[in-house]
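Inside the fold
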2 protein chains.
Amino acid sequence: MTTIKDVANLAGVSVATVSRVINERGYVHADTRKKVEEAVKQLNFSPNEVARSLYKRKSKLIGLLLPDIANPYFPQLARGVEDRMQEQEFRLIFGNSDEDEQKEKDYIQTFIQNNVVGVISSTNYPHSSIYENLKIPVVFLDRTPLDSPSVFADGREGGRLAAREIIKRGSRRITVMQGPAHIKPAQDRFEGAIESIRQAGLDYRVIQTTSFSFNDVGLWADELFSKYGDTDGVIASNDIAAMAVLHEALRIGKKVPEDMQIIGFDDIPMSSLLSPGLSTIRQPAYEMGREAAGLLIKLVEQAPIENKHIQLPVSFIERGTTRKVNSDG
Amino acid sequence: MTTIKDVANLAGVSVATVSRVINERGYVHADTRKKVEEAVKQLNFSPNEVARSLYKRKSKLIGLLLPDIANPYFPQLARGVEDRMQEQEFRLIFGNSDEDEQKEKDYIQTFIQNNVVGVISSTNYPHSSIYENLKIPVVFLDRTPLDSPSVFADGREGGRLAAREIIKRGSRRITVMQGPAHIKPAQDRFEGAIESIRQAGLDYRVIQTTSFSFNDVGLWADELFSKYGDTDGVIASNDIAAMAVLHEALRIGKKVPEDMQIIGFDDIPMSSLLSPGLSTIRQPAYEMGREAAGLLIKLVEQAPIENKHIQLPVSFIERGTTRKVNSDG
DNA sequence: TTGTAAGCGTTATCAG
DNA sequence: CTGATAACGCTTACAA
């Protein structure tokens, strides 16, 4: 490994001078600068970030904590975060928490041990002591503790929107899938949906689910059809659940959207490739990731912040699992 | 931040002794150990990994370089890597390369600057100078330079398998989607498929594609149907492409699998949730990630290695886009 | 069994 | 404008 010392020797200057030129700090004569730059190039030198980090007590590293990257909603988030961080030369230490508080704790712990300058976390425990005592900025994704910076979509409004649209299109015996109880955004969606359904004076049924995993999602679809076979509209807790419902509906010979409409949540990329295409409430995951990264960067750099809560809009994406709306609305 | 010095002071010993107990190295009297352990607990001390890394010239970090985490095949890989690394207390610095050599170079560069002890890379440029000059172990994913450790599935065999199965099930006018030219595994699949089709004495058509992106994939599906509308079997370059073909086939009123069979590649999790379910050649992505991580750990720890090339089996997953096979095979 | 001190590669202070 | 040097927090000879 070539160090600043090697460069200094080759250029015939002190390490201090080399440091000055690579950091563009302080005065250094044009000639000396050139000598140093040549030495740097010749030795293909690049500074050891670890040594820097030790001295400055801060790195160019950011911690990213997600429940499960294998869950299709998160890769887009991650990509958004990464792209934005990349622009500012920050790197990501990444971990899956599986919504387990202990795992989160462990990760945050090692983040700190590695001098990360900030963390982005999609957690169910934003009020955990883990975060309270953190001396570096945290941006929460999809969670909105009042006092902490966060980026989120309006889940409640998403739920309302889903209900309104499915009702507008004629569903009357609606089943709402209530996502895992410990996942706040899932509950928000659920409550929003219930709210709108009630407002319309309709009744509804609920299927309770306990995870977003591919393995389980078929079970709930089954449960839905065996319990509420006469349902003519399903508001799913996310697109994966919606896919499972669609799959099962088609399997048992229901026509979608004629016999049953389905609305998902998230608008994961493959939703448009289903047949029929999945109507869904879109959350702009990639953008959310970018925004979270941008916000964190500002926090880290102590730049002025207009608003520490960034809410991104949800929107209804009309595809094939809902009927065309009547012109009279 | 509490340091080893604080602990030493509180325990009334030297930093060396503290170091000994937290690293369980060298002799330390039971009584002293207890004092130190209490101080550690009381101060909630955990060692600064950056300082460690600087001294030892190696961290507990490994670099993971993937083309694009937003592409559904990779999250599973990533998850496999992460889970395995986690077990050994390694952390991941993660980057998306977009199959761009320069981006890769930049990432590898910063990996090194951060003292990572190894890297896992899914790259199209395994022979690039980037990797040749690396002094830390690299495990390639999905690429198999002869001399370097790698984990991969047998793409060629996968291609053969796809062709055999689709032919066995009666397709005669087969169209093969040839993935992006610069992506080796895609070409392997393609060649394997061609090989088996030729062997069967059949003709075939080719649709050339240039990316695996969600945005483009619909275009090739369109192209396929407009150019080769009489095709009765499609071997797609991956599941996303297959989904697009299925989608388009259904849209224009073709019956799948009756009029046209489709076989994908990868077996991404949502493949089973399509309607009909997507028949595909499975690559065990999660396992590949785990294996790569396991292999890298051995390399890093200089443990003996049986085989530096780990090939995982591909298999045909029969679902609804292929017909049931005749009992006579 | 324990402590002292050098060293890991940088940056920043301070003197020249 | 440049160079010595202390310091960042830790590990490890080496000495005691």
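Just so you know, these numbers come straight off a predicted model, no measurement behind them.

The next subject is the relation of the copies chain A and chain B. The transformation that overlays chain A on chain B combines an axial shift of 0.0 Å with a rotation of 180°, and the residual RMSD is 0.0 Å. A rotation of that kind, with that shift, is consistent with a two-fold axis. No C-alpha of chain A lies nearer the rotation axis than that of Ile93(A), which sits 2.3 Å from it. When you check the interface residues of chain A against chain B, 98% turn up at the interface there too, and the contact is symmetric in its surfaces.

This part is about the protein's contact with DNA strand C. Around DNA strand C sit 26 residues in total, of which Thr17(B), Arg20(B), His29(B), Thr32(B) and Tyr55(B) are the nearest. Counting only the atoms of DNA strand C that lie within 4 Å of the protein, the sugar and phosphate share comes to 64%. Take Asn23(A): an N or O atom from its side chain is 3.0 Å from a phosphate oxygen of DNA strand C. Among the elements that take part in the surface near DNA strand C, helix H2 (residues 15–23) of chain A stands out by supplying five residues, more than any other.

Below, the discussion takes up the pattern of salt bridges. Counting across every chain of the model gives 51 salt bridges over all chains. A salt bridge links Glu87(A) to Arg84(A), with the shortest nitrogen-to-oxygen separation between them at 3.4 Å. On the criterion of helical spacing, the pair formed by Glu87(A) and Arg84(A) is a turn pair, its members being three residues apart in helix H5 (residues 73–87). Its relative accessible area of 48% is what places Glu87(A) among the partly exposed residues. Its salt-bridge partner being Asp98(A), residue Arg79(B) comes within 2.7 Å of it at the nearest N-O pair.

What follows concerns the sheet that holds strand S10 (residues 280–282) of chain B. All names here are of chain B. Read across the sheet, six strands follow the order S7-S6-S8-S9-S10-S12 without closing on themselves; strand pairing throughout is mixed. Looking at which strands have only one partner, the edges of the open sheet turn out to be strand S7 (204–208) and strand S12 (315–317). Between one strand axis and the next, the sheet turns by 25° as a mean value, whatever way the strands run. Summarising the sheet, strand S6 (residues 174–178) and S7 pair through five bridges and their orientation is parallel. Bridged to Ile174 within S7 is Tyr204. Strands S6, S7 and strand S8 (233–235) of the sheet are contacted by helix H10 (residues 214–227), whose axis makes an angle of about 150° with S7. Along the sheet, helix H11 (residues 239–251) makes contact with S6, S8, strand S9 (261–266) and S10, crossing S9 at roughly 155°.

Rules of the game
- Residues numbered from 1 in each chain as written.
- Chains lettered and ligands numbered in written order.
- Predicted model: local features only at pLDDT ≥ 70, side-chain atom pairs only at ≥ 80, totals over all residues.
- Heavy atoms only, no water.
- Least-squares fit on C-alpha atoms with pLDDT ≥ 70 in both.
- Contact = heavy atoms within 4.5 Å.
- Near = heavy atom within 4 Å.
- Polar contact = N/O pair within 3.5 Å; in protein donor to acceptor, adjacent residues only side chain to side chain.
- Helix = DSSP H or I, 4+ residues; strand = E, 2+ residues; numbered from the N terminus.
- Salt bridge = Lys/Arg side-chain N within 4 Å of Asp/Glu carboxyl O.
- Buried < 20%, exposed > 50% of the residue type's maximum accessible area, 1.4 Å probe, protein only.
- Pairing = 2+ DSSP bridges.
- Axes fitted to C-alpha atoms, helices over the stretch in contact; angles between N-to-C directions.

On their own, these measurements won't tell you what the molecule is for.
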